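As a plain string of letters, each chain reads:
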Amino acid sequence: VQLQASGGGLVQAGGSLSVSCAASGRTDGSYAMGWFRQAPGKEREFVAAIRWRGGSTHYSDSAKGRFAISRDSAKKTVYLQMNNLGPEDTAVYYCAADNAMILSSISLRPAYKYWGQGTQVTVSS
């Protein structure tokens, strides 16, 4: 599975931004895609994830109520709509995927086998 992220950019605080990630390869089985982010000097952290079968979504506490993850199965693409952004959301955003995802591990970095290149999201105050 190869992942290609796109989107991101610069936005003012309170604004919205969307990133997307297209996958190539198989997306069957217990396939899931997620978004992680890494700010300068910080660990990479979980943001949101979605299971391909059933479409259940999962969010970090900081993303709940502001971000929305969705998928287009036909395009093998996952989207992350980010609203009410703040400077604390500034980070490089990475998409990740795995085709044998265990639900209890969906927010954990080691659970994802495939990673895309990051895309920068910068929120100015």
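Residues numbered from 1 in each chain as written. Predicted model: local features only at pLDDT ≥ 70, side-chain atom pairs only at ≥ 80, totals over all residues. Heavy atoms only, no water.

Account for the nonpolar core, with residues named and values stated.
For soluble globular proteins, nonpolar side chains are generally found buried alongside one another. Formed by 29 residues in total, the largest nonpolar core has its most connected members in Leu3, Met33, Trp35, Leu80, Met82 and Tyr93. Elements with a minimum of two residues in this core: strand 1 (2-7), strand 3 (17-24), strand 4 (32-38), strand 5 (45-51), strand 7 (67-72), strand 8 (77-82), strand 9 (91-98) and strand 11 (119-124). The next biggest cluster of nonpolar side chains, apart from the first, holds 9 residues, and it includes Ala32, Phe36, Phe46 and Ala49. (Core = buried A, V, L, I, M, F, W, Y, C linked by side-chain atoms within 4.5 Å. Buried < 20%, exposed > 50% of the residue type's maximum accessible area, 1.4 Å probe, protein only. Helix = DSSP H or I, 4+ residues; strand = E, 2+ residues; numbered from the N terminus.)

Account for the confidence of the model for the protein, naming residues and giving values.
In this model, the protein carries an average pLDDT of 95, and 100% of its residues clear a pLDDT of 70 or more. Highest mean pLDDT in the protein belongs to strand 11 (98); lowest belongs to strand 1 (95). (pLDDT = per-residue confidence, 0-100.)

Go over the state of the cysteines, please, and point to the residues and values.
Per the counting criterion, the structure on display carries 1 disulfide. With a sulfur-sulfur separation of 2.1 Å, Cys21 is cross-linked through a disulfide to Cys95. Judged by the sign of its S-S torsion, about 50°, the bond between Cys21 and Cys95 is right-handed. Of the two residues, Cys21 is situated in strand 3 and Cys95 in strand 9; the sequence distance between them amounts to 74 residues. The class of Cys21 is buried, set by a relative accessible area of 0%. The exposure class assigned to Cys95 is buried, which follows from its relative accessible area of 0%. (Disulfide = S-S within 2.5 Å.)

Before we move on, could you go through the pattern of salt bridges and cite the residues and values that matter?
Counted according to the given criterion, the structure contains 4 salt bridges. Where Asp89 meets Arg37, a salt bridge forms, and the shortest distance between an N and an O atom there is 2.8 Å. One end of the pair, Asp89, is in the loop between strand 8 and strand 9; the other, Arg37, is in strand 4, and 52 residues separate them in sequence. Comparing Asp89 with Arg37, the two get one shared label, buried. For Lys64, the salt bridge identified is with Asp61, shortest N-O distance 3.6 Å. Each of Arg37, Glu45, Arg66 and Asp89 takes part in a single network of salt bridges with overlapping partners. (Salt bridge = Lys/Arg side-chain N within 4 Å of Asp/Glu carboxyl O.)

For the environment of Lys113, give the residues involved together with the corresponding values.
You can see Lys113 is positioned in the loop between strand 9 and strand 10 (114-115). Take Lys113: its relative accessible area is 59%, and that puts it in the exposed class. Considered as a pair, Lys113 and Trp52 are 61 residues apart in the sequence and their alpha carbons are 16 Å apart. If near-sequence neighbours (up to four positions away) are discounted, Lys113 is found in contact with Ala97 and Asp98. (Contact = heavy atoms within 4.5 Å.)

Mind laying out the sheet that holds strand 7, listing which residues take part and the relevant values?
Working definition: the strands of a sheet are paired by backbone hydrogen bonds and lie parallel or antiparallel to each other. With respect to topology, 4 strands assemble into an open sheet ordered 1-3-8-7, the strand pairing being antiparallel. The open sheet has two free edges, formed respectively by strand 1 and strand 7, since each of these has just one partner strand. Averaged over all pairs of adjacent strands, the angle between strand axes in this sheet comes to 15°, irrespective of strand direction. As paired strands, strand 1 and strand 3 are joined by 6 bridges and run antiparallel to one another. In the strand pairing of strand 3, Gln4 is matched with Ala22. (Pairing = 2+ DSSP bridges. Axes fitted to C-alpha atoms, helices over the stretch in contact; angles between N-to-C directions.)

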